[in-house]
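Given next are the chains, with one letter for each unit.
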Amino acid sequence: MKIIFIFCVIAAMVICVGTVLAEDSAQPTPFSFLKAPTPQPELPSLAERTTLELRRDGDTYKDKETGEKYKLTEVGTTITIKNLQTGDKVKYRVSGETLTNKDTGQKLKIRRDGSNIRITRKD
């Protein structure tokens, strides 16, 4: 009789604990409404940017901030930087480490380090 009583108590405990564990592991996931994707903020044009950090990516350069690809063309004392996604193009006159935008006259400083190029506004 005692054995049957102990067996019933153990069986009741296994059933209760199994039910409780099953309920805890199957937590319902909260429902959320689908949100419309937020548009990326527009970056200023290539001529308006004050800092441009590029890393060589094969025959092109990749912007470290935005991931956009650029093509650099050097002819004599002129560097042309073209954004391959937008088609935006700027020509600079080169004098040492100074770049001068041919259209606006804005002066920038260029630093080259292996496969990296950093162009910043010259203050």
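Please refer to the structure higher up on the page.
Residues numbered from 1 in each chain as written. Predicted model: local features only at pLDDT ≥ 70, side-chain atom pairs only at ≥ 80, totals over all residues. Heavy atoms only, no water.

Novice: For this particular structure, what's the right way to read the overall build of the chain?
Specialist: Scanning the chain for helices and strands turns up 1 helix and 8 strands. The helix and strand sequence of the chain, counted from the amino end, reads α-β-β-β-β-β-β-β-β. Burial analysis of the chain (123 residues in total) assigns 21% to the buried set. Within the chain, residue pairs in contact and separated by at least 24 positions form 26% of the contacts whose partners lie at least 6 positions apart. Working note: accessible area of the chain is about 9700 Å², and carbon and sulfur atoms make up 57% of it. (Helix = DSSP H or I, 4+ residues; strand = E, 2+ residues; numbered from the N terminus. Buried < 20%, exposed > 50% of the residue type's maximum accessible area, 1.4 Å probe, protein only. Contact = heavy atoms within 4.5 Å. Areas by Shrake-Rupley, 256 points an atom, 1.4 Å probe, with all protein chains shown as cover.)

Novice: How should the side chain of threonine 98 be read in this particular structure?
Specialist: Structurally, threonine 98 is set in strand S6 (residues 98-101). Using a relative accessible area of 15% as the deciding quantity, one classes threonine 98 as buried. Filtering out sequence-adjacent residues up to four positions away, threonine 98 remains in contact with Arg93, Lys107, Leu108 and Lys122.

Novice: Sorry, what's going on with the sheet that holds strand S2 (residues 60-63) here?
Specialist: For sheets, the rule is that strands pair by backbone hydrogen bonds, running either parallel or antiparallel. An order of S1-S2-S3-S4-S5-S6-S7-S8 is seen for the 8 strands of this closed barrel, with the pairing classed as antiparallel. Looking at each pair of strands side by side, their axes are set apart by 30 degrees on average, direction ignored. With 6 bridges connecting them, strand S7 (residues 107-113) and strand S8 (residues 116-121) associate as antiparallel partners. Opposite arginine 112, over in S8, you have isoleucine 117 as the bridge partner. (Pairing = 2+ DSSP bridges. Axes fitted to C-alpha atoms, helices over the stretch in contact; angles between N-to-C directions.)

Novice: Is there a simple way to explain a positive patch on the surface in this structure?
Specialist: On the surface, a cluster of positive charge is contributed by Lys82, Lys89, Lys91, Arg93, Lys102, Lys107 and Lys122. Here the positive patch takes 3 residues from strand S5 (residues 89-95), the largest share from any one element. (Patch = residues over 30% accessible without salt bridge, like charges linked within 9 Å, V, L, I, M, F, W, Y side chains within 5 Å. Salt bridge = Lys/Arg side-chain N within 4 Å of Asp/Glu carboxyl O. Lys, Arg positive; Asp, Glu negative; His and termini not counted. Charge placed at Lys NZ, Arg CZ, Asp CG, Glu CD.)

Novice: Honestly, the side chain of asparagine 101 in this entry has me stumped. Any pointers?
Specialist: Of note, asparagine 101 is situated in strand S6. In this structure asparagine 101 comes out as buried when scored by relative accessible area, which is 2%. Within the structure, the side chain of asparagine 101 is placed 3.3 Å from the backbone nitrogen of threonine 104, a separation counted as a polar contact. With residues near it in sequence (within four places) discarded, asparagine 101 still touches Ala47, Val90, Lys91, Tyr92 and Gln106. (Polar contact = N/O pair within 3.5 Å; in protein donor to acceptor, adjacent residues only side chain to side chain.)

Novice: Teacher, can you tell me more about the nonpolar core here?
Specialist: The nonpolar side chains of a soluble globular protein tend to be buried with one another. Of all hydrophobic cores here, the largest spans 15 residues; its most connected members are Leu54, Tyr70, Leu72, Ile81, Leu99, Ile117 and Ile119. If you list the elements that add at least two residues to this core, you get strand S1 (51-57), strand S3 (69-75), strand S4 (78-83), S5, S7 and S8. Sequence-distant contacts of isoleucine 81, that is, excluding residues within four places in its chain, are made with Leu46, Tyr70, Lys71, Leu72, Asp88, Lys89, Val90, Tyr92 and Ile119. (Core = buried A, V, L, I, M, F, W, Y, C linked by side-chain atoms within 4.5 Å.)

Novice: How do you make sense of the pairing of S5 when you look at a structure like this?
Specialist: If a strand is regular, its side chains alternate between the two faces of the sheet. Across 5 bridges, S4 lies against S5 in antiparallel orientation. Across the sheet, residue threonine 78 finds its bridge partner in S5, namely arginine 93. Hairpin geometry of S4 and S5 is characterised by an intervening segment of 5 residues between the two adjacent antiparallel strands and by a positive phi of about 80 degrees at glycine 87. Bridge analysis of S5 against S6 gives 4 bridges, and the strand direction is antiparallel. Within S6, the residue paired with valine 94 across the bridge is leucine 99.

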